[in-house]
Protein chains: 2
Amino acid sequence: MISIERVRAAAERARPYVLRSPLVPVEGALLKAECLQPTGCFKVRGFFAAAMQAREVFGDRVAKGLITVSAGNAAQACAYVARELGVPCRVVMYETAPSPKIEGVKRWGGQPLLMPRDKVLEWLASEAWRREPELFLHPFADPEVIAGHGGIGLELLEQVPDLERVLVPVGGGGLISGIASAIKGTRPEIEVIGVQSDGYPLWQKAFEAGGPVSIKPETIADGTTAPFDPRMFELLKEGVDRWLIVAEPRLKAAIPELASAGKLVAEGAGALAYAALEQVEPGPKTVAVVSGGNIEPRLLATLLSPD
Amino acid sequence: MISIERVRAAAERARPYVLRSPLVPVEGALLKAECLQPTGCFKVRGFFAAAMQAREVFGDRVAKGLITVSAGNAAQACAYVARELGVPCRVVMYETAPSPKIEGVKRWGGQPLLMPRDKVLEWLASEAWRREPELFLHPFADPEVIAGHGGIGLELLEQVPDLERVLVPVGGGGLISGIASAIKGTRPEIEVIGVQSDGYPLWQKAFEAGGPVSIKPETIADGTTAPFDPRMFELLKEGVDRWLIVAEPRLKAAIPELASAGKLVAEGAGALAYAALEQVEPGPKTVAVVSGGNIEPRLLATLLSPD
């Protein structure tokens, strides 16, 4: 895991730019509303932390801009951070990314580079960014990005002194690794639970297989469809106490429930931890992280009023 | 207006039970997300303040329960507060109230008494509550309820030290009177702007007429359809610097915009202040209060995906 000192330093760098997100109570849990962050997702925490540190260490490189690869939320965060720093930004994205995510990148002045999923994964696996002039920020495996996400864990320790359990949606694994680093570094007895959809249970399968697996995503949690990464495998092995899998129909029902009970707009990935609450034993003080809210309005409408 | 000392005392009584609501940034303003309060609306602030004070002053009366009259949000707040105090609750409501509001009252153990709108207004005007055993809390004109809502103003002064302007949706007038009392009592130069829909512009018409008016509501902002009240007329005259009217089509567009840009679920009344932002001069540091989020899921779905 990432050291608690590194998490604290990263969170401190990001702090002026991000929301100390509120806890919204629902039956049996508190929701950590990261969907209220600028760009509608937790990702700004890690990208601010990493970009600020990079500027301190090698300022000239950052001046040429930032580049990343993303299912959509890291893309928006990268563009938003670049705008704040006054530098350009390009993002390699799935051509199937939801339109709010592509439009979000453009809104913050970033340039989306749309590719089919296999080309995106190849671009990432072949480290194609090494040929580009901009500073590359890895969307989930950059230790500084992970440390920045850890700010959520630090806030939880302050906001919920009697915290016993936290449920976190997992895609690439950066969010939960950051939260686990913050929490386990201080209060290792707090249970950290990773949640994925049965439409893309990558990490459960990977831990069953003991190594790399590849799955075709069939989930509305598009934000969780990152590929296997051996560095993340090691971090998740250390930091995650338990895995829960949410069935897609349950996930689809959770989104209107969150709108109704919590007044929060959640995307598929954002609703995963809340959707898994029914699987945990009642009693312990529990937080579910609502990671993001960048959902297609039409999909949200359909889920709200299915007939 | 209500004295700043009374606002401070009321807000302090309510504080342990309510959310210090976050500010969510959108283009040109910050949104004070009161829709994230328990019961999905700011009303818990005033009802906790008033009920706690009443219990201190005449405990026996509160033990018989609470009763109020409400378009829906005060109803839920009253039921929620009664449950926290362990006492019964009944609420006189419009029989046309949106189902989430009626269901909300039941969810917190309250008993809705559904009546046609004219009967509700008659019940209120004739002070029919005097014949009931429970303690009556007036949904908007009770000075202690208003003082409790003032907690929003106190929080804004702390959260936004350079605040210059606040836009607030207006129904009965309790919310804006509380906020104005808190703000004008400390920083009278901050502009307090009241917002209503052109489907129920009660206070604009009342100030034009110089006294009581009655209008048939034709608005999705059902939470603003309270009747004229002479006490509120005086408070609003003192506390509100300017009135803005939002056209219904603009209000309907504002709800999906809030979901997309702010990841917040707002009801009609809740979206009014945000919808009015396009009418104010850009520049001054501005907050728009998102007062509540209890909207019918089907209406929200229709507004998100109109065709």
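Attention here is on the structure that accompanies the text. (Residues numbered from 1 in each chain as written. Chains lettered and ligands numbered in written order. Predicted model: local features only at pLDDT ≥ 70, side-chain atom pairs only at ≥ 80, totals over all residues. Heavy atoms only, no water.)

Some details on the nonpolar core
The tendency in soluble globular proteins is for nonpolar side chains to be buried as a group.
(1) Moving on: Among the nonpolar cores identified, the biggest contains 78 residues, and A:Leu31, A:Leu36, A:Leu167, B:Leu31, B:Leu36 and B:Leu167 are the most heavily contacted of them.
(2) Moving on: Apart from the residues lying within four places of it in its own chain, the contact partners of A:Leu36 are A:Leu19, A:Pro22, A:Leu264, B:Pro22, B:Val24, B:Leu36, B:Gly262, B:Lys263 and B:Leu264.
(3) Moving on: Counting 77 residues, the second largest nonpolar core, distinct from the first, contains A:Ala141, A:Val160, A:Val192 and A:Phe233. (Core = buried A, V, L, I, M, F, W, Y, C linked by side-chain atoms within 4.5 Å. Buried < 20%, exposed > 50% of the residue type's maximum accessible area, 1.4 Å probe, protein only. Contact = heavy atoms within 4.5 Å.)

With respect to helix H11 (residues 230–239) of chain B
(1) Moving on: For H11(B), the set of buried residues is B:Met232, B:Phe233, B:Leu235, B:Leu236 and B:Gly239.
(2) Moving on: Looking at the buried positions of H11(B), the neighbouring elements they touch are helix H7 (143–149), helix H9 (174–184), strand S8 (191–197), helix H10 (202–209) and strand S9 (242–246) of chain B. (Helix = DSSP H or I, 4+ residues; strand = E, 2+ residues; numbered from the N terminus.)

Observations regarding the relation of the copies chain B and chain A
(1) Moving on: Superposing chain B onto chain A takes a rotation of 180° combined with a translation of 0.0 Å along the rotation axis, leaving an RMSD of 0.0 Å. What the rotation and shift describe, once combined, is the action of a two-fold rotation axis. Among all residues of chain B, the minimum C-alpha distance to the rotation axis is found for B:Ala301, at 2.0 Å.
(2) Moving on: The share of interface residues of chain B whose copies in chain A are also at the interface is 100%, consistent with both copies meeting through the same surface. (Least-squares fit on C-alpha atoms with pLDDT ≥ 70 in both.)

Some thoughts on the sheet that holds strand S4 (residues 89–94) of chain A
Note: strands within a sheet are paired through backbone hydrogen bonds, in either parallel or antiparallel orientation.
Residues and elements named next belong to chain A.
(1) Moving on: The 4 strands lie next to each other as S5-S4-S3-S6, forming an open sheet whose pairing is parallel. Both outer strands of the open sheet, strand S5 (111–115) and strand S6 (135–136), are each paired with one neighbouring strand and no more.
(2) Moving on: Bridge analysis of strand S3 (residues 66–70) against S6 gives 2 bridges, and the strand direction is parallel. When the sheet's bridge partners are listed, Leu66 is paired in S6 with Leu135.
(3) Moving on: Contacts between helix H5 (residues 99–107) and the sheet are confined to S4 and S5, with S5 contributing the most and set at about 145° to the helix.
(4) Moving on: Docked against the sheet, helix H6 (residues 117–125) engages S3, S4, S5 and S6, running at close to 130° with respect to S4. (Pairing = 2+ DSSP bridges. Axes fitted to C-alpha atoms, helices over the stretch in contact; angles between N-to-C directions.)

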